[in-house]
Amino acid sequence: MLTLLPTPIGNIEDISLRALRVLGEADVLLCEDTRVARKLLHLLSERHGLNHSIQRFVSLHSYNEAERLETFDRAFFEQNVVYMSDAGMPCISDPGALLVAYCRKHGIDYTVLPGPSAFTTAYAAGGFSESRFIFYGFLPHKGKARESELQALVNERYPVIFYEAPHRLEKLLDELEKNAPGRTIFAAKEITKKHERYFKGTPAELKAAIT
């Protein structure tokens, strides 16, 4: 049995009771980074009394997911296998989709726990009245692909949600100022953490407030 388990995006208190139970019953933990996973389990043990007996940690990230799946067989999933992202929901701008496809192809039982997700949290905080939106994820880092994708996004009729790395935020605001100077932008930083901050305005206004 495979369980896809979301993890807190910042605040450790966002872990669910069900997630704690599943981790306590797990035999094998698949994770993006074994160091991050071990640290999270340690914090959950300290603060929420997690008692687990996981002995095997297996890295499964975007660069090795396909290769790693070739080493598995049906017998592997006869134990309690958990996959979790470093933060947030598996398969949402995180690995996991190939793992799900593998289970469906081979008739392996799996389930997905609900839980923290940065884009839904940010959208709720933005105060947008539209009930429809487009979730894009990460833009290409550079080049014509980034330029063309961003141009398509600013022309969408619905609000568009995408992620950006902190070190590329100023570049993104410059691009938005060039392509959509009058568009209302909402930005969220450090969601659920102590220094959580929200910003809303034109690209120029956000650039002045954030950078």
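Residues numbered from 1 in each chain as written. Predicted model: local features only at pLDDT ≥ 70, side-chain atom pairs only at ≥ 80, totals over all residues. Heavy atoms only, no water.

Draft legend 1. The arrangement of the sheet that holds strand β1 (residues 2-5) in detail. Taken in spatial order, the five strands line up as β3-β2-β4-β1-β5 in an open sheet, and their pairing is parallel. Of all the strands in the sheet, the pair left with one neighbour each is β3 (56-59) and β5 (110-112). Going from strand to strand, the sheet's axes swing by 20° on average, the running direction of each strand aside. In the sheet, β1 pairs with strand β4 (residues 81-84) via four bridges, with the strands oriented parallel. Across the sheet, the residue bridging to T3 is V82, located in β4. Strands β2 (28-31), β3 and β4 of the sheet are contacted by helix α2 (residues 34-48), whose axis makes an angle of about 140° with β3. (Pairing = 2+ DSSP bridges. Helix = DSSP H or I, 4+ residues; strand = E, 2+ residues; numbered from the N terminus. Axes fitted to C-alpha atoms, helices over the stretch in contact; angles between N-to-C directions. Contact = heavy atoms within 4.5 Å.)

Draft legend 2. Layout of the packing of helix α7 (residues 169-179) against helix α8 (residues 203-210). For the pair α7 and α8, the least separation of the axes is 8 Å and the interaxial angle reads 155°. Considered as vectors, α7 and α8 are oriented roughly antiparallel to each other. In the packing of α7 onto α8, the handedness of the crossing is left-handed. Of the residues in α8, those touching α7 at L169, E170, L173, D174, L176 and E177 are P203, A204, L206, K207 and I210. When grouped by side-chain class, the residues that make up the contact of α7 with α8 number seven nonpolar, no polar and four charged. (Parallel < 35°, antiparallel > 145°, perpendicular 65-115°, else oblique. Left-handed = near helix turned anticlockwise from the far one by under 90°. Nonpolar A, V, L, I, M, F, W, Y, C, P; charged D, E, K, R; others polar.)

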